[in-house]
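What the coordinates show
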Amino acid sequence: NIRVVFPSTSNVYGESGKKNLKETDATAPRFAYAEYKEKIERKIKELNSNIVIARIATNYGYSKGIRFNLVINLFCKKILCNEPLIIFADGKSYRPYIHVEDTAKGLILLAEKGISNEVYNLGGENYNIEDLVKLFKKIYPKTLIERKPNIPSPFTYHVCFNKIESLGFKRKWT
């Protein structure tokens, strides 16, 4: 029995100092995009429909419409252009990430095995900016770094993916 999967966003959690946010944790969206996703999630639950909700982490990877306002894609571009990676504040803000191919696999899995009206966090790993810089420097040691400690870091949240993993979700990419 195939279900419809609504692609929501992990941004619905907003700012949270808690690690490993689960699907049942409170949401506090900070931007219009996440606010509307959350409103649609609530409506889906009210309708008690055959829809599964996927709170998708920040995607990275190649696409025809690649977005360079997402940190992993931006860092790749800056390295290729021999520009410094800019770290705001202390670089400790967390985000969950997932490769676009793994997102597609996860959405198919949820259509096949997800429980209707349930929410699933769909992602791979939680990294802070400092962790990402270390990964990039390991791959490309000549990476240039520029620190801007006086500019506040964007909000942070750290998400748990155990529920979707319990359905058999396995990532190809880190």
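The structure contained in this document is the topic of the report that follows.

**As for the packing of helix α2 (residues 71–80) against helix α4 (residues 129–139)**
Look at α2 against α4: their axes get within 11 Å of each other, and the N-to-C directions meet at 40°. The angle between α2 and α4 places the two elements in the oblique class. α4 is crossed by α2, and the crossing has right-handed handedness. When α2 is examined against α4, the residues Val71, Ile72, Phe75, Cys76 and Ile79 are found in contact with a partner set consisting of Ile129, Leu132, Val133 and Phe136. Looking at the contact of α2 with α4 residue by residue, the classes come out as nine nonpolar, no polar and no charged.

**Brief notes about the sheet that holds strand β6 (residues 119–122)**
The strand order across the open sheet formed by three strands is β1-β2-β6, and the pairing between neighbours is parallel. Both edges of this open sheet fall to β1 (4–9) and β6, since each of them pairs with a single strand only. Neighbour to neighbour, the strand axes of the sheet diverge by 30° on average, direction disregarded. Bridge count for strand β2 (residues 51–56) against β6 is four bridges, and the pairing is parallel. Residue arginine 55 lies in a different strand from β6, and its bridge partner there is asparagine 121. In the packing of helix α1 (residues 32–47) onto the sheet, contacts are made with β1, β2 and β6, and the angle to β1 comes to roughly 145°.

**Side note on the state of the cysteines**
Counted according to the given criterion, the structure contains zero disulfides. Here cysteine 76 stays unpaired: no disulfide links it, and the sulfur of cysteine 81, its closest cysteine neighbor, is 11 Å away. Owing to a relative accessible area of 34%, cysteine 76 belongs among the partly exposed residues under this scheme.

**Some remarks on the sheet that holds strand β5 (residues 94–99)**
In space, the three strands of this open sheet follow the order β3-β5-β7, with mixed pairing throughout. Each end of this open sheet is capped by a strand with a single partner; those strands are β3 (58–60) and β7 (125–128). Sheet twist, expressed as the mean angle between neighbouring strand axes with direction ignored, is 45°. Seen against the sheet, helix α3 (residues 100–113) touches β3 and β5 and runs at an angle of roughly 80° to β5. Contacts from α4 reach β5 and β7 within the one sheet, and its direction differs from that of β7 by about 95°.

**Some details on the pairing of β5**
Summarising burial for β5: six of the six residues are buried, a large majority. Of the two faces of β5, both are covered, the one formed by Tyr94, Pro96 and Ile98 as well as the one formed by Arg95, Tyr97 and His99. Where β3 meets β5, three bridges bridge the pair, whose relative direction is parallel. Directly across from tyrosine 60, in β5, lies its bridge partner histidine 99.

**Quick look at the nonpolar core**
Counting 18 residues, the largest nonpolar core has Ile98, Leu110, Tyr120, Leu122, Tyr157, Ile164 and Phe169 as its most contacted members. For this core, the element with the most residues is β2, which contributes three residues. Setting aside residues up to four positions removed in sequence, tyrosine 157 forms contacts with Ser10, Asn11, Tyr13, Gly14, Ser16, Leu21, Thr58, Tyr94, Arg95, Pro96 and Asn126.

**Here's the deal with α3**
For α3, spanning 14 residues, the distance from its first C-alpha to its last is 20 Å, which sits close to the expected 20 Å at 1.5 Å a residue. Of the positions making up α3, those classed as buried are Asp102, Thr103, Gly106, Leu109, Leu110 and Ala111. Buried residues belonging to α3 abut β1, β2, β3, β5, β6 and α5 (162–165).

**A closer look at the environment of alanine 32**
Along the chain, alanine 32 falls in helix α1. For alanine 32, a relative accessible area of 46% gives the class partly exposed. Sequence separation between alanine 32 and serine 116 is 84 residues, and the spatial gap between their C-alpha atoms is 26 Å.

Conventions and cut-offs
Residues numbered from 1 in each chain as written. Predicted model: local features only at pLDDT ≥ 70, side-chain atom pairs only at ≥ 80, totals over all residues. Heavy atoms only, no water. Axes fitted to C-alpha atoms, helices over the stretch in contact; angles between N-to-C directions. Helix = DSSP H or I, 4+ residues; strand = E, 2+ residues; numbered from the N terminus. Parallel < 35°, antiparallel > 145°, perpendicular 65-115°, else oblique. Left-handed = near helix turned anticlockwise from the far one by under 90°. Contact = heavy atoms within 4.5 Å. Nonpolar A, V, L, I, M, F, W, Y, C, P; charged D, E, K, R; others polar. Pairing = 2+ DSSP bridges. Disulfide = S-S within 2.5 Å. Buried < 20%, exposed > 50% of the residue type's maximum accessible area, 1.4 Å probe, protein only. Core = buried A, V, L, I, M, F, W, Y, C linked by side-chain atoms within 4.5 Å. Expected span 1.5 Å × (residues − 1).

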